[in-house]
Amino acid sequence: MITITNLVKRFGDRVAVDDLSVEIGQEVFTFLGPNGAGKTTVVNMLCGLLQRDSGMISISGLDPETTPGEVRSKIGLVPQETALYEYLTARENLDFHAKFYGVPGGQVKQRIQDALELVQLTERADDRVSTYSGGMKRRLALVRALLHDPEVLILDEPTLGIDVQNRNEIWNRIQELKEEKTILITTNYMDEADRLSDRCLVMAEGKLIALDTPANLKLKHAGGIRVEAYITADQKIVKALIEKLKQIAPEARYADTEMKGEFNFVLPARGQANELLTEVSRIFREFPQVNILDLSLRVPTLDDVFLELTGSHLRD
Ligand SMILES: Nc1ncnc2c1ncn2[C@@H]1O[C@H](COP(=O)(O)OP(=O)(O)OP(=O)(O)O)[C@@H](O)[C@H]1O
Ligand SMILES: [Mg+2]
């Protein structure tokens, strides 16, 4: 159980974490936000690696600033920058970690074996980490964090730079671990937040912007199904088109895609998409000069939520 109350952290004039309060229980809890939102700063304060300016933190009743050693033994951390001993092998890295965190001697060997198997590194276990790919290092860092069986698992950008297949495996493993642990993830991949989170805290510029289940966030802030179109046309015609489209979808937005004459439209549906689709095709028929490059129907994403709440996208 993690409780954060009115947490503030400044770096000079910059407020990196701005009066953040949240309670996290046994669940997968995600901090979703763009670069510089303050996610890693929160993680570092939770782990006792950084001092806060004000506010309270409690990890199972303990304050990381007053009892850093005890808090550290409760937490398994996968930091954003993978910190492994490059000149040691995977097995040696795990062994060092197990001993440092006081894993009972009789269990070390078996735990290391299981860990290596889990992330399919058994065959490479005795190679130096410096010979690993980025994704392999990331996978090793993940199981290393689990070796001392922590109550709380904190993953700062767990799948950064990991390929699709390994990403899915890590996601599955996180889902399984949720049965026994409090799991906190930071990410700026909206699909990761959507897929994994029981609850998702959307943050920007150090502030909590929204907090709910991914489904509720989308329902509350991003409405229903949306029609998305890429077209080429004259600016003047596009303006006329958008006027018409706004009559059927008042939240209709369009943007210049920075390719000369190419535009992207998003039309959120208020209720069922059926009506909207019929109307959209009727309107497009009135504008034969418009060339449709792509037309799709999609459900809202957490990026739509972020856009709705902040006016910008999660990623550029
Ligand atoms: N040691 C530091 N000194 C000065 N400023 C810092 C320091 N660490 C973080 N910051 C600033 O605090 C803000 C939040 O940074 P933080 O690393 O927490 O963001 P983040 O949400 O983890 O971003 P990313 O998605 O890029 O990892 C940024 O403006 C960053 O420049
Ligand atoms: Mg970060």
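The structure displayed is predicted, hence computed values, not measured ones. (Residues numbered from 1 in each chain as written. Chains lettered and ligands numbered in written order. Predicted model: local features only at pLDDT ≥ 70, side-chain atom pairs only at ≥ 80, totals over all residues. Heavy atoms only, no water.)

### Section: the side chain of Thr-89
Condition: Secondary structure counts use DSSP, requiring at least four H or I residues in a row for a helix and at least two E residues in a row for a strand, with both numbered from the N terminus. Using a 1.4 Å probe on the protein chains alone, a residue whose accessible area is under 20% of its type maximum counts as buried, one over 50% counts as exposed, and one in between counts as partly exposed. Contacts are assigned to residue pairs that have any heavy atoms within 4.5 Å of one another.
Counting through the fold element by element, Thr-89 comes out in the loop between strand 5 (75-78) and helix 3 (90-100). The exposure class of Thr-89 is buried, given its relative accessible area of 10%. The contacts of Thr-89, once residues within four sequence positions are left out, are Ala-125, Asp-126, Asp-127, Arg-128 and Val-129.

### Quick notes on the pattern of salt bridges
Short version of the rule: The salt bridge criterion pairs a side-chain nitrogen of Lys or Arg with a carboxyl oxygen of Asp or Glu, the two atoms within 4 Å.
One pass over the full model with this rule turns up 22 salt bridges. Between Glu-86 and Lys-137 there is a salt bridge; the shortest N-O distance is 3.3 Å. With a gap of 51 residues between them, Glu-86 in the loop between strand 5 and helix 3 and Lys-137 in helix 5 (residues 134-146) connect regions that are remote in the sequence. Within this structure, Arg-226, Glu-228, Arg-298 and Asp-304 form a network of salt bridges that share partners.

### Brief notes about the coordination of the magnesium ion (ligand 2)
Our working definition: Donor selection uses N, O and S atoms within 2.8 Å of the metal (3.2 Å for Na, K and Ca). Since no water is included, sites may look incomplete.
Those protein atoms acting as donors to the magnesium ion (ligand 2) are Thr-40 (OG1) and Gln-80 (OE1), and they sit at 1.9 to 2.1 Å. Of this pair, Thr-40 sits in helix 1 (residues 39-46) while Gln-80 sits in the loop between strand 5 and helix 3, and the two are 40 residues apart along the sequence. Overall, the relative accessible area of 24% leaves Thr-40 in the partly exposed class. On the basis of relative accessibility, which here comes to 28%, the residue Gln-80 falls in the partly exposed class.

### Some thoughts on a nonpolar patch on the surface
For clarity, the cut-off: Distance thresholds for patches are 9 Å for like charges and 5 Å for nonpolar side chains (Val, Leu, Ile, Met, Phe, Trp, Tyr), applied to residues having over 30% relative accessible area and no salt bridge. Residue-level accessible areas treat just the shown protein chains as cover; the underlying method is Shrake-Rupley with a 1.4 Å probe.
On the surface, Tyr-85, Tyr-87, Phe-96 and Phe-100 cluster together to form a nonpolar patch covering roughly 470 Å² of accessible area. Position of Phe-96 relative to the elements: it lies in helix 3.

### Re the nonpolar core
One broad rule of soluble globular proteins: the nonpolar side chains tend to lie buried together. Put simply, the test is: Residues enter a nonpolar core if they are buried and are Ala, Val, Leu, Ile, Met, Phe, Trp, Tyr or Cys, with the set joined through side-chain atoms within 4.5 Å.
Core analysis: the biggest nonpolar cluster contains 25 residues, and Ile-2, Phe-31, Val-42, Leu-46, Ile-59, Ile-154 and Leu-184 have the highest contact counts within it. Mapped onto this core, the elements with two or more residues apiece are strand 1 (2-11), strand 2 (14-24), strand 3 (28-32), helix 1, strand 4 (54-59), strand 6 (152-156) and strand 8 (199-204). With 20 residues, the next largest nonpolar core counts Ala-229, Leu-241, Phe-263 and Phe-284 among its residues.

### Details of empty space enclosed by the protein
Defined as follows: Points on a 1 Å grid over protein atoms alone make up a cavity when a 1.4 Å probe fits among them but cannot get out, and a pocket when they form an open set with protein on both sides within 12 Å along at least five of seven lines; lining residues each have an atom within 4 Å of a point. Grid points are joined across faces, edges and corners, and a volume is the space filled by probe spheres set on the points. Gly is placed with the polar residues, together with every amino acid not listed as nonpolar (Ala, Val, Leu, Ile, Met, Phe, Trp, Tyr, Cys and Pro) or charged (Asp, Glu, Lys and Arg).
Counted under the stated rule, the structure contains one cavity of 30 Å³ or more. The space that makes up the largest cavity amounts to roughly 30 Å³. Counted by class, the lining of the largest cavity contains five nonpolar, no polar and one charged residues.

### Considerations on the packing of helix 8 (residues 214-222) against helix 11 (residues 302-310)
How two helices sit against one another is set out by the angle between their axes and by the gap between those axes. The test is simple: Axes here mean lines fitted to C-alpha atoms, for a helix over just the part in contact, with angles spanning 0 to 180 degrees between N-to-C directions. Oblique is the label for every angle not falling under 35 degrees (roughly parallel), over 145 degrees (roughly antiparallel), or within 65 to 115 degrees (roughly perpendicular). Note on convention: the crossing is left-handed when the near helix lies turned anticlockwise from the far helix by less than a right angle, right-handed when the turn is clockwise.
One way to put it is that helix 8 packs onto helix 11 with a least axis distance of 9 Å and a crossing angle of 45°. By the criterion of interaxial angle, the relationship of helix 8 to helix 11 is oblique. Crossing angle aside, the handedness with which helix 8 passes helix 11 is left-handed. Contact with helix 8, carried on its side by Pro-214, Leu-217, Lys-218, His-221 and Ala-222, involves Leu-302, Asp-304, Val-305, Glu-308 and Leu-309 of helix 11 and no other residues of that element. When grouped by side-chain class, the residues that make up the contact of helix 8 with helix 11 number six nonpolar, one polar and three charged.

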